[in-house]
Amino acid sequence: MEKVLEVKKISKAFGGIKALLGVDLEFRCGEVHCIVGENGAGKSTLGKIIAGIHTPDQGELTFKDLTYKELNPTIAKELRIAMVTQELNLMPHLTIAENIFMFEKRSYINGILNRKLINRETERLFEQFNLSNLPSASTKVENLTLAQQQIVEIIKAISQKNNLLIFDEPTTTLSITEVEQLFSLIRRLKKENVSIILVTHRLKEIFEIGDVVTVLCDGQIVKSRLPVKDLNEHELVKYMVGRDIKDFFGVKEEIEIGRPVLEIEDLSDGVSFRNISFTVHESEVLGFAGLIGAGRTEIMETIFGIREQISGSIRLNGELINTLTTKQRVRKGISFVPEDRKGKGLAIDLPICSNMSQVEMNQKDRLIVNERQFEMQNLEIAKKLALKYHSLNQKANSLSGGNQQKVLLAKWLSQNPSVYIFDEPTRGIDVGTKTEVYDLIKNLAKEGKAIIMVSSELQELIAICDRIVVINEGRVAEIFQRKDATEPKILKEMIPVK
Amino acid sequence: MKNNSQSKKFTEFIRNNSNEIGVGIALIVLFIVFSITSPYFLKTKNLYNILYQISAIGILAIAQTMVLLTGGIDLSIGSTFTLSGWVMCFLVKEVGLAEGLMAGLAIGILCGFINGFLVSVTQLEPFIVTLGTMSIYHGIVYIISNSKAVSNLPVILEKIDNFRVFGIPSYVLVLLIVFLLSYLFLTYTKTGRMIYAIGSNELSARYSGVPVYAYKIVPYIIVGFLAFIAVFIQSAHLMAIDANAGTNLNLDSITAVVIGGTSLQGGRGSLVGTAIGVLLIGVLGNGLNMLGVSSYWQRVVVGVILIFAIASQKIKITSKTKK
């Protein structure tokens, strides 16, 4: 296969932190090149340098036979290199078609945007790629779900007929059907001889779609261009974390399930879900599987009290808590670790300690508080969680994703709740930290806590949970015992019958 | 080892307070320049004059800081100032001191409560709400005053203005007390810490179980209260109030706070920064007066400094988040 791009001795530092250190790598036509590594390994930085978003401090890039010291977005566009970043770059108030074709010269006639043309072109793309689940081309992007927006972003990159396409964790917001769509798109692009770079956390995807895989660690290459077909998951994890993780999920041991703690009966919010009933017991981990938009997060938010319910009952230790405010529910022993760390979870501009003591401070009905009084407790919790930090006064956004997730958990540990609700606790964090999160959940269960875990990774649910509730279009489709749960069975219950 | 951790603490202090330090240095430089270029600048009388000039705007800026920290803004601060002040002065003159003060205080707090209620309960944009109430409150002043000033206030106000403790004039004392209490409020009370938390990320506070709406009203009520305090010390000093007393104070209070490093996005900023910002504007205005620069040119200079201050913060933030 022909070489399309080669990077040589690329280095890049942000402030004092070295993101990349002398990276040499080549990319070939018609090849899916996966890049893996823990958070902060430099994967996204490498992608952004290739796409001209960041400029390298040292090194050079050779595209076919042209050599550059650095690229910028304009040159990258001329060379037909594009990147679908993790942060969506769509303009919410414009239509799908406008988002895709707005920057193309051919969309304009005498400086006036030809809406008819771009709508037609967009519809043609939808047809070409079999995207029947997207609304019409003139729909505004703000009316799309997050997953649909991601697909639009991808279509936009594809429509530009690029030589090289970089996907930075494209599947984190996608549900299973959309991941399938994306992969069939990638397969088509491969046939058209496009070179694809796929940055990902999900090992399964590498084996499904990848040709070669490169492992990065601390800004350096650990293994370069390993052919995927000669590799197994076990070996790959070993390269990634630099140590052997025999059983990476660490299946939860059977411990005796205690009395019921949280009992939900007939819960409805009138919009996202109806007639939800389930019970979580002491020492039990109850998993929630479902497609994105099935209503899982909404159910949890209702139990936590920040979303209105229209009917049904929520009992905690036998006591009805429907009418309580969130603060009162927290006092009774409910806790909620939301998805979307930066949006709902942390005040990333505030110090770690302020984040950690937020819940505690809110629960204490005192006029005067001194954040120092939480210091001992915070240090203890940080130690328990093996949080990596140099000072509790450093801002939360200076931590890696995995460590931010730990701070988010830390907020609740001080309250010693009896129910923990985790919404996608391992999304976007590296393999090493994931194992730590699993251990933490298992230890909480051992202490007798009742645990709810919402996750889109079925393997993880099957390994960690005692029972798995499958939510399908706002209803409980099935509740599996762990011994009966398999991926195909759960999947079958997740997908709506049309 | 100990030295090392101390130097670490020192660099952390510098990093966390770089903005205050930057504006503080600018203030010191200005102070030195004016001391050299104008023989009258350092005279005690002039220094008191500066302190008087910043007393009302300083109190308003402290209040505005709290609103900006929640991610809001209060454009009606000057109108609240005028409305509560005009009613107070009118009643003090016509009815009595106690009645006037009570009415002024009540109106100030009511104005603030209305803003806070609309912002937090109905979740309207603070900019729009207070743009509306700015017009409403000021309109009411025109209606009840018929655009007339209240002057020849009772002598008791002059006595209050001339009151001194250890030689410190009452208006400086009030400013200092307001600053100190506000600082303690923001640093050590639960509400104060929640104001920072909500401004930094409102959603994360909600997902920690914090009743966000209850806390978001508080800073607006404080604005109403402090606007009353500010207008009281100013009218006691001038022995009069006119229907446009607070017109410039809306934006001037925001200017001082922003120069002091408080972010319009909320969550970031401090009262120490605001104090330095207020002093900077006060010293600048006074010094330029001493040098005979026209007040028209002074407005231009303040505008330039504001943009310069914001630009330097922006550069700092982008260089931090570039990753």
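Residues numbered from 1 in each chain as written. Chains lettered and ligands numbered in written order. Predicted model: local features only at pLDDT ≥ 70, side-chain atom pairs only at ≥ 80, totals over all residues.

*Asks:* What is the right way to look at the overall build of chain A in this model?
*Replies:* If you tally the helices and strands in chain A, you get 18 helices and 22 strands. Computed over its C-alpha atoms, the radius of gyration of chain A comes to 24 Å, within 12% of the 23 Å expected for a compact globule of 498 residues. For chain A, the spread of C-alpha atoms along the three principal axes comes to 70 × 50 × 50 Å. Counting all 498 residues of chain A, 44% fall into the buried class. Taking all contacts inside chain A whose residues are at least 6 apart in sequence as the whole, residues at least 24 apart take part in 69%. (Helix = DSSP H or I, 4+ residues; strand = E, 2+ residues; numbered from the N terminus. Rg over C-alpha atoms; globule rule 2.2 N^0.38 Å. Buried ≥ 20, exposed ≤ 12 C-beta atoms within 10 Å, placed from the backbone. Contact = placed C-beta atoms within 7 Å.)

*Asks:* Would you take a moment to explain the overall build of chain B for this structure?
*Replies:* For chain B, the helix and strand inventory stands at 14 helices and two strands. Since a compact globule built from 323 residues should have a radius of gyration of about 20 Å, the 20 Å found for chain B is in line with a globular shape. A principal-axis box enclosing the C-alpha atoms of chain B has dimensions of 70 × 55 × 35 Å. Expressed as a percentage of contacts within chain B between residues at least 6 apart in sequence, the contacts between residues at least 24 apart total 79%.

*Asks:* Help me out: how do you make sense of the sheet that holds strand β13 (residues 260-268) of chain A in this one?
*Replies:* Two orientations exist for strands paired in a sheet by backbone hydrogen bonds: parallel and antiparallel. Residues and elements named next belong to chain A. Sheet architecture is open: four strands sit in the order β14-β13-β16-β17, paired in antiparallel fashion. With one partner strand each, in any of the chains shown, β14 (276-281) and β17 (319-320) form the two edges of the open sheet. Taken together, the five bridges between β13 and strand β16 (residues 311-316) define a ladder with antiparallel strand orientation. Note that in β16 the partner of S268 across the bridge is S311. (Pairing = 2+ DSSP bridges.)

*Asks:* Looking at this structure, I do not really get the sheet that holds strand β9 (residues 164-168) of chain A. What am I missing?
*Replies:* Residue and element names in this part refer to chain A. Taken in spatial order, the six strands make up an open sheet running β6-β9-β10-β3-β11-β12, and their pairing is mixed. This sheet does not close on itself; its edge strands, each paired only once, are β6 (81-84) and β12 (220-227). In this sheet, neighbouring strand axes are inclined to one another by 15 degrees on average, regardless of whether the strands run parallel or antiparallel. One ladder, built from four bridges, connects β6 with β9; its direction is parallel. Bridge pairing links M83 to I166 in β9. (Axes fitted to C-alpha atoms, helices over the stretch in contact; angles between N-to-C directions.)

*Asks:* Please clarify how helix α9 (residues 190-200) of chain B should be interpreted in this entry.
*Replies:* Residues spaced three or four apart along an α-helix point in a common direction, a consequence of the helix completing one turn every 3.6 residues. Buried residues dominate α9(B), accounting for nine of its 11 residues. The complete set of buried residues in α9(B) reads B:G192, B:R193, B:M194, B:I195, B:Y196, B:A197, B:I198, B:G199 and B:S200. Looking at the buried positions of α9(B), the neighbouring elements they touch are α12 (352-356) and α13 (358-363) of chain A together with α3 (44-69), α8 (170-188), α10 (202-206) and α11 (212-238) of chain B.

*Asks:* So what exactly am I meant to see when it comes to the pairing of strand β11 (residues 212-217) of chain A here?
*Replies:* Look at any regular strand and the pattern is simple: side chains alternate between the two faces of the sheet. Residue and element names in this part refer to chain A. Note that strand β3 (residues 32-36) and β11 share four bridges and pair parallel. By the bridge assignment for β11, V36 is matched with V215. Bridge analysis of β11 against β12 gives five bridges, and the strand direction is antiparallel. When the sheet's bridge partners are listed, V212 is paired in β12 with P227. Here β11 folds back onto β12 in antiparallel fashion, the turn holding two residues, of which D218 has a positive phi close to 50 degrees.

*Asks:* Looking at this model, I keep getting lost on the packing of α3(B) against helix α13 (residues 271-290) of chain B. Mind explaining?
*Replies:* When two helices pack together, you describe them by how their axes are tilted relative to each other and by the distance separating the axes. Residue and element names in this part refer to chain B. Contact geometry for α3 and α13: axes closest at 9 Å, N-to-C directions at 140 degrees. The angle between the axes of α3 and α13 places the two elements in the oblique class. In this structure, α3 crosses over α13, and the sense of that crossing is right-handed. Across from N46, N49, I50, Q53, I54, I57, G58, A61, I62 and T65 in α3, the residues of α13 making contact are L271, T274, G277, V278, L279, G282, V283, G285 and N286. Partitioned by chemical class, the residues of the contact of α3 with α13 number nine nonpolar, 10 polar and no charged. (Parallel < 35°, antiparallel > 145°, perpendicular 65-115°, else oblique. Left-handed = near helix turned anticlockwise from the far one by under 90°. Nonpolar A, V, L, I, M, F, W, Y, C, P; charged D, E, K, R; others polar.)

*Asks:* Would you mind showing me how to read the interface of chain B and chain A here?
*Replies:* Accessible area lost upon the coming together of the parts is a frequently used measure of interface size. Tallying the contact residues gives 22 residues for chain B and 29 residues for chain A. Elements with a minimum of two residues in the side of chain B that touches chain A: α9 and α10 of chain B. Residues belonging to the side of chain B that touches chain A are distributed by class as follows: eight nonpolar, seven polar and seven charged.

*Asks:* Before we go on, may I ask you to explain helix α6 (residues 176-191) of chain A in this structure?
*Replies:* Residues and elements named next belong to chain A. Taking 1.5 Å per residue, 16 residues should reach 22 Å; α6 reaches 23 Å between its end C-alpha atoms and fits that length. For α6, every residue scored as buried is listed here: E178, Q181, L182, L185 and I186. One face of α6 carries all of its buried residues, which in axial projection span an arc of 135 degrees. Exposed side of α6, more than 90 degrees from the buried face: E180, R187 and K191 are the residues found there. Where α6 is buried, its residues contact β3, α5 (146-159), β10 (195-199) and α7 (203-209). Just beyond α6, the residue with positive phi is N193, at close to 70 degrees. (Expected span 1.5 Å × (residues − 1). Arc of directions from axis to C-beta.)

*Asks:* So what exactly am I meant to see when it comes to the nonpolar core here?
*Replies:* Generally speaking, a soluble globular protein has its nonpolar side chains buried in company with each other. Counting 156 residues, the largest nonpolar core has B:L60 and B:L226 as its most contacted members. At 16 residues, the largest contribution of residues to this core is made by α11(B). Of all hydrophobic cores here, the second largest spans 63 residues; its members include A:I81, A:M83, A:I96 and A:A97. (Core = buried A, V, L, I, M, F, W, Y, C linked by C-beta atoms within 7 Å.)

*Asks:* Help me out: how do you make sense of unusual backbone geometry in this one?
*Replies:* Peptide bonds are, in most cases, trans, and in most cases residues other than glycine have a negative phi. Residues and elements named next belong to chain A. In this model, E169 sits at a positive phi of 45 degrees, which is unusual for a non-glycine residue. Judged by C-beta crowding, with 20 C-beta atoms within 10 Å, E169 ranks as buried. With phi around 45 degrees, E473 is a residue other than glycine that occupies positive phi space. Exposure remark for E473: the 17 C-beta atoms within 10 Å place this residue in the partly exposed category.

*Asks:* I'm lost on the environment of A:F27 in this one. Help?
*Replies:* All names here are of chain A. Along the chain, the position of F27 falls in strand β2 (residues 17-28). For F27, a count of 24 C-beta atoms within 10 Å translates into the label buried. It is 8.8 Å that separates the C-alpha atoms of F27 and L164, two residues lying 137 residues apart in sequence. With residues up to four places along the chain from it excluded, the contact list for F27 reads V4, L5, H33, L164, S195 and I197.

*Asks:* What is the right way to read the confidence of the model for chain B from this model?
*Replies:* Fine structural detail should not be taken from predicted coordinates in areas where pLDDT scores are low. For chain B, the average pLDDT comes to 89, and 95% of its residues sit at 70 or higher. For this predicted complex, the interface score ipTM comes out at 0.74, alongside a pTM of 0.76. (pLDDT = per-residue confidence, 0-100.)

*Asks:* How should I be thinking about the environment of B:V119 in this particular structure?
*Replies:* Relative to the elements of secondary structure, B:V119 occurs in helix α5 (residues 97-120). Sequence-wise, B:V119 and B:Y220 are 101 residues apart; in three dimensions their C-alpha atoms are separated by 9.1 Å.

*Asks:* What am I meant to see in the packing of helix α4 (residues 77-94) of chain B against helix α12 (residues 249-259) of chain B here?
*Replies:* Residue and element names in this part refer to chain B. As a packed pair, α4 and α12 sit with axes 6 Å apart at the nearest point and diverge in direction by 130 degrees. The orientation of α4 with respect to α12, classified from their angle, is oblique. In contact with I77, G78 and F81 of α4, α12 contributes L249, N250 and S253.

*Asks:* Would you mind going over the pairing of strand β20 (residues 450-454) of chain A with me for this structure?
*Replies:* Residues and elements named next belong to chain A. Counting buried positions over the five residues of β20 gives five, a clear majority of the element. Taken together, the five bridges between strand β19 (residues 419-423) and β20 define a ladder with parallel strand orientation. From the neighbouring strand, Y420 faces β20, where its bridge partner is I451. Note on the crossover from β19 through helix α16 (residues 431-446) to β20: the handedness is right-handed. (Right-handed = clockwise from strand over helix to strand, strands pointing away.)

*Asks:* Looking at this model, I keep getting lost on the environment of B:A149. Mind explaining?
*Replies:* By secondary structure assignment, the location of B:A149 is in the loop between α6 (126-145) and α7 (155-162). Excluding anything up to four places from it in sequence, B:A149 contacts B:A240, B:I241, B:D242 and B:A243.

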